[in-house]
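# Architecture at a glance
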Amino acid sequence: MVDEAAPVTTRAAADSAWRVRLQRGGELSGALLKNPTTVTGLVFIVLMIGMALLAPVLTEPNTPDPYQMPRDWEALAVPPGSPGHPLGTTNVGGDVLYGMIWGARTSLRLSLIVVSLTVIVGVTVGSVAGFRGGKVDEFLMRIVDVFLSIPELIFALAIAAVLGPSFRNIILALAVVFWVKYARIMRAQIIHVKENEYVDAARMIGDSPWRIYRRDVLPNSITPVVVQATLDMGNIVLVGATLSFIGLSEAGIAEWGVLVSEGQAGISAGRWWASTFPGLMVFLWALAFNLFGDGLRDVLDPRTESAR
Amino acid sequence: MTMTDPGRIEPVSATPVASVQNLRVHFRSKTGIVHAVDGVSFDIGDGETLGLVGETGCGKSVTARSFLGLVPMPPGIAAGGSILFRPHHTCPECDGHGCGRCHGSGRVPSACETCGGAGCDGCGDTGHHSVDLLALSSREMQDIRGDRIAMIFQDPGKALNPALSVRDQLSEVFYQHRSGELLSDVGLDGDGGGSGAVASLLRRKASLRTRRVEDALLAIPPLRGRRNELRAAVTARVAGALAETQIPNPLKVMERYPHELSGGMRQRVMIAQALACDPDLLIADEPTTALDVTVQARILELIRELQDRHQTSVLYISHDLSLVRRVCDRVAVMYAGRIVESAPTDEIFANPSHPYTRGLLAAIPSASHQRGRLVAIEGTVPELVDPPPGCRFAGRCPHEAPVCRGNDPVTSTVSPDHDVACFIHNAPDGLPDAPAFDRRVR
Amino acid sequence: MQIRDYIVRRLMVLPLLIVGVSIIVFTLTRVGGSPIGIYLSHEMSQEEVAELEERFHLNDPLPVQYAYWAAGVVRGDLGWSGVAAAPVTDVFLPKLAATMELAVSAAVVAVILGIALGTFAGARRNRLPDHLTRVFSISGAAMPLFWFAILLLIVFWVYLGWFPNGRSTPEVYARIAHPTNLYTVDAILAGDLGAFRDAVWHLVLPAVALGYGATAIIARMMRSSLVEELQEDYVDAARAKGLPERLVLRRHARRNALIPTVTVIGLSFGFLLQGSVVAEIIFQWPGLGRWMADSVLRGDQATIMAYVLFTSVLFLVVNLAVDVIYAYLDRRVVLGQ
């Protein structure tokens, strides 16, 4: 099809990609809201984020640092339903409810920072590798392969250990580990999209590589990254809480993993609440984003729909 | 609409092997009920090859699959009708070798269980045993599938299991339907003779009922020998079936996996598998569409030849009229879930009487056509979601008249054994403006 | 491409990946500062410190230091573990045995249960068992192991008292010899049924806790690949042969559905490895994972390096094995990029 009008028409098709996307947006959200599990996920996400944002309203913030657990030395390890401590306290007098609410804020901070960092780095690396190809691609992908050879949690654990125990270092460690996935997804997508005719068409009419990338390639390759990012909003909190549980956060901060670890000391004495409630929050948080991410994938990537 | 008018000439043998009566298969979809097959009736005569022709999506494959209960339900709905099938058994006089009584086929129709062949109301005075394929239990259906009715699929690359060798796939048919014979080959009677644990284990093995532990047991030396005998009996049969389809070196080919064979070879394996139990009816769903043109001809020839030898009845599904002309005795043309015309092959090509059939025939490129000019039927196949009554071809038909919308066309007989569902041949009384072949709407 | 060539090529890449991992591990520990700290004490003079640095090549450029370390690793010298107060190599094997006993039990549970559940659900698509399995596997992906393990302990150890905590009962441990350090195997070797029962009893909770996530992943993959296979033509062809549904499922669909599931089994092994760190902390299991956790908290660099390197190599080897099995099982596969 080497006729003069061809590049223009295929070009128009690429240009309208965004418009089609917007148009499809309505249908997509409709399809999303039809699936009860996706809606459940969404509801939980809204509740959790609402909880995180409203933390100072829901509880009296601790002074000077609200992210530190308040200690009630008068009520150590009291069971749920005690006055002033509706969900009980830990062995060292931390209010479980306070930890759950402010833990949501901690988790939101953690996941937002890590996901944005990893998406930016991963998409950049993956794009360069996929778009440039050749030696650059080869080199970057070997690095990615090496990173993928180390199991996630163990890698993050080692990094956090080297940097020293603190919540900030957990964020850093997770960012170092999690970007690789995006690089890989993005590269695969770009290589796939690059083969489309509209990219050839754009090249034929002399568009600069950057323009082709921005207008034709990126919008058509980003979908799986969005899905993965949604899933990772949950996964990162899961792994982060695990690192905190192992002891890589500062002791005493309002974080779910830290609380579970604090509560663990009391379980042999039958004090189940201090671990159970904060752990439940981690579970629900990860579950919510998993459910929603799954629904998103079904809608955005209809190829997998039949298999679900 | 019905195609089984009493006045028409009967096919070769007295009783058709299968009669489809007013078959309706619908599908539930997001937009409504799709009437994929909507009142289809036809007979397949004994030893006859009936071609069911139509475009993709006209319901021909669904009709074929209904014979074997292979329409997934849900989303499919059995909305009505019946498929009467008259199973045969081995001819008692010649023991399957072919004689005068069975016209050389080695099979004779089973007698009706109520009247013993005398003819009664139950069997429609034919005296033959019949079953409604749509009303069978899954157990009964299993006994018919692969044994009395077999099927060849469109793409042999997909219809053969990639993880099993040719031998494994073919031996399943024998294990499933001929386990009695296999057992007597190794000296065990189907039921009585040979008792004890070993015999019962072998018996289970011969009908594919062994569990993994039992298989392991059978691989241990004292039992191994017996198992290998059984295996040899199956291998002989598999080799025989493959040889029937002119596969060279069957013993070697049966150890292969489907991906190691060419498309033509795969289809031969499929055919061998389908004909393994000498079925009464073979359903061939576009058996050559996925093959190279050069291979197509040879496969067609093979089917024709095997059919002649075994006098198997064939339901041949295709979208390709020119191909059907070479293989089939009779043709039924299907459009949008209904049969619009049916006639003997020569008759339908000589005297196509439905506008759709005419369009199809005109669309076949031939040497006489001017190069570069292909004829197509205008418009597209209608959506079959909750369709109103009326001719389905209305809207594309060049001879359309007001009567065609809102009234289901009535079937009329143009010549003996040639039926058409079109108002052109059956101008409705009292309804004005009947269509005619000279009319041109557009 | 032949399977053999494929294996050879993968085997050639393997050392490169291992070297890559070792570089990352080495760099990582050096970022945290000089490892001299563990050898120092307050009484040492400047000269003594300098001598130590000289002895451990800590004044050389980093690549040279890496070469010394890597040469040590190859010789089997993994350094001194401050946490275990012994050379890493000396304590490694018994701890590895403990971890392997746990991880393998969990893997066996996960593979059997995951495939069974996935088959059960996939064959009953969109019916109740399918929905329940979906809930089970989505929960599995979101379940924090540390929480699930604690819940199990609270219910089955604290309240019901059905299962013990720890790896063995001290008296039983003392009763028999431990040549392999796999307590179940040791009990069998000693012919001690009571000890075997004790070992299995202690394994149940940690194996269930550790195996849940992997079970969920495997079940999910099995389910979706079975659903996919059931839509293939060859399944209808098998039905058309007259095979009963049970055989269509067992001999045809499941066999092919297992192929993609195999790759997930390899991935979930990584899951088990990292999960063992948490499970061993909570169930007081004296394995590699707990040692790693202690080392992380106490800055035991030699152990961290050895552990990360070891688990990565193990993970790589398992995945290589899985890919080879996959290539063997899926006869259609055209190997290559």
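The present account deals with the structure reproduced in this document.

Each value, and the rule that gives it
Residues numbered from 1 in each chain as written. Chains lettered and ligands numbered in written order. Predicted model: local features only at pLDDT ≥ 70, side-chain atom pairs only at ≥ 80, totals over all residues. Helix = DSSP H or I, 4+ residues; strand = E, 2+ residues; numbered from the N terminus. Buried ≥ 20, exposed ≤ 12 C-beta atoms within 10 Å, placed from the backbone. Contact = placed C-beta atoms within 7 Å. Nonpolar A, V, L, I, M, F, W, Y, C, P; charged D, E, K, R; others polar. Pairing = 2+ DSSP bridges. Core = buried A, V, L, I, M, F, W, Y, C linked by C-beta atoms within 7 Å. Right-handed = clockwise from strand over helix to strand, strands pointing away. Expected span 1.5 Å × (residues − 1). Arc of directions from axis to C-beta. Axes fitted to C-alpha atoms, helices over the stretch in contact; angles between N-to-C directions. Parallel < 35°, antiparallel > 145°, perpendicular 65-115°, else oblique. Left-handed = near helix turned anticlockwise from the far one by under 90°.

### Structural notes on the overall build of chain C
Helices and strands together make up the secondary structure of chain C, namely 13 helices and two strands. Seen along its three principal axes, the alpha-carbon backbone of chain C occupies a region of about 85 × 55 × 40 Å. Per-residue burial for chain C yields a buried fraction of 45% across its 337 residues. A fraction of 73% describes how many contacts in chain C between residues 6 or more apart in sequence connect residues 24 or more apart.

### Regarding the interface of chain C and chain B
Across the contact, 18 residues belong to chain C and 25 residues belong to chain B. The set of elements that each furnish at least two residues to the side of chain C that touches chain B consists of helix 10 (233-240) and helix 11 (245-282) of chain C. At seven residues, the largest contribution of residues to the side of chain C that touches chain B is made by helix 10 of chain C. Counted by class, the side of chain C that touches chain B contains seven nonpolar, three polar and eight charged residues.

### Section: the sheet that holds strand 7 (residues 131-132) of chain B
Judged by pairing direction, the sheet is antiparallel, and its four strands sit side by side in the order 2-1-4-7 (chain B) without closing on themselves. Only two strands of the sheet have a single partner each, and these edge strands are strand 2 (33-44) and strand 7 of chain B.

### Examining the interface of chain C and chain A
Facing the 39 residues of chain C at the interface are 37 residues of chain A. Among the secondary structure elements, those contributing two or more residues to the side of chain C that touches chain A are helix 1 (3-31), helix 5 (128-142), helix 6 (145-159), helix 9 (193-230), helix 11, helix 12 (288-298) and helix 13 (301-329) of chain C. Its residues placed into classes, the side of chain C that touches chain A shows 29 nonpolar, nine polar and one charged.

### Observations regarding the nonpolar core
By size, the foremost hydrophobic cluster in this structure holds 288 residues, and its most contacted members are Ala156 and Leu157 of chain A together with Ala149 and Ile218 of chain C. Here this core gets 20 residues from one element, more than from any other, and that element is helix 9 of chain C. Setting aside its immediate chain neighbours within four residues, Leu157 of chain A contacts Leu243 and Ile246 of chain A together with Val277 and Val296 of chain C.

### Some details on the pairing of strand 10 (residues 313-318) of chain B
All names here are of chain B. The buried fraction of strand 10 amounts to six of the six residues, a majority that puts the element mostly inside the structure. Alternating positions in strand 10 separate into two faces, Ser313, Leu315 and Ile317 on one and Val314, Tyr316 and Ser318 on the other, with burial throughout. The pairing of strand 3 (residues 49-53) with strand 10 spans five bridges and is classified as parallel. The residue of strand 10 that forms the bridge with Gly51 is Tyr316. The pairing of strand 9 (residues 281-285) with strand 10 spans five bridges and is parallel. Directly across from Ala284, in strand 10, lies its bridge partner Tyr316. Note that the unit made of strand 9, helix 11 (residues 293-310) and strand 10 has a crossover that is right-handed.

### Digging into the environment of Val308 of chain C
Structurally, the position occupied by Val308 of chain C is in helix 13. Put simply, Val308 of chain C and Asn59 of chain C are 249 residues apart on the chain and 25 Å apart in space, counted from C-alpha to C-alpha.

### What to know about helix 12 (residues 273-300) of chain A
Here helix 12 of chain A contains 28 residues, and its C-alpha end-to-end distance of 40 Å stays within 8% of the 40 Å for a straight helix at 1.5 Å per residue. Helix 12 of chain A sits mainly inside the fold: 24 of its 28 residues count as buried.

### Concerning unusual backbone geometry
All names here are of chain B. Although it is not a glycine, Asn22 adopts a positive phi angle of roughly 50°. On the secondary structure map, Asn22 appears in strand 1 (residues 18-28). Overall, the presence of 14 C-beta atoms within 10 Å leaves Asn22 in the partly exposed class.

### Side note on helix 6 (residues 197-206) of chain B
Every α-helical turn comprises 3.6 residues, leaving residues that sit three or four positions apart pointing alike. Residue and element names in this part refer to chain B. Along helix 6, the positions that sit buried rather than exposed are Leu202, Arg203, Lys205 and Ala206. Across the axial projection of helix 6, the buried residues extend over an arc of 160°, all falling on one side. Summarising the geometry of helix 6, the exposed residues directed more than 90 degrees from the buried face are Ala197 and Ser200. On its buried side, helix 6 packs onto helix 4 (166-177), helix 5 (179-185), helix 7 (212-218) and helix 8 (221-244).

### Observations concerning the packing of helix 2 (residues 36-53) of chain A against helix 12 of chain A
Residues and elements named next belong to chain A. In contact at an axis separation of 7 Å, helix 2 and helix 12 are set at 135° when each is read in the N-to-C sense. In this view, helix 2 runs oblique relative to helix 12, as classed from their interaxial angle. Regarding helix 2 and helix 12, the two cross each other, and that crossing is left-handed. Between helix 2 and helix 12, the contacting residues are Thr37, Thr38, Thr40, Gly41, Leu42, Phe44, Ile45 and Met48 on the first element and Leu284, Trp285, Ala288, Phe289, Leu291, Phe292 and Gly295 on the second.

### What to know about the sheet that holds strand 13 (residues 411-415) of chain B
All names here are of chain B. Across the sheet, eight strands lie side by side as 8-9-10-3-11-12-14-13; this open sheet has mixed pairing. Because the sheet does not close on itself, it has two edges, and the strands there are strand 8 (149-152) and strand 13. Taken pair by pair, the neighbouring strands of this sheet meet at an average axis angle of 20°, ignoring direction. Contacts between helix 14 (residues 355-363) and the sheet are confined to strand 11 (330-335) and strand 12 (338-344), with strand 11 contributing the most and set at about 105° to the helix.

### Thoughts on the environment of Arg203 of chain A
Tracing the backbone shows Arg203 of chain A in helix 8 (residues 197-204). Counting along the chain gives 101 residues from Arg203 of chain A to Trp102 of chain A, while the straight-line C-alpha distance between them is 52 Å.

### Brief notes about the pairing of strand 2 of chain B
All names here are of chain B. With ten of twelve residues buried, strand 2 is to be regarded as a mostly interior element. Pairing between strand 1 and strand 2: eight bridges, direction antiparallel. By the bridge assignment for strand 2, Val20 is matched with Phe42.

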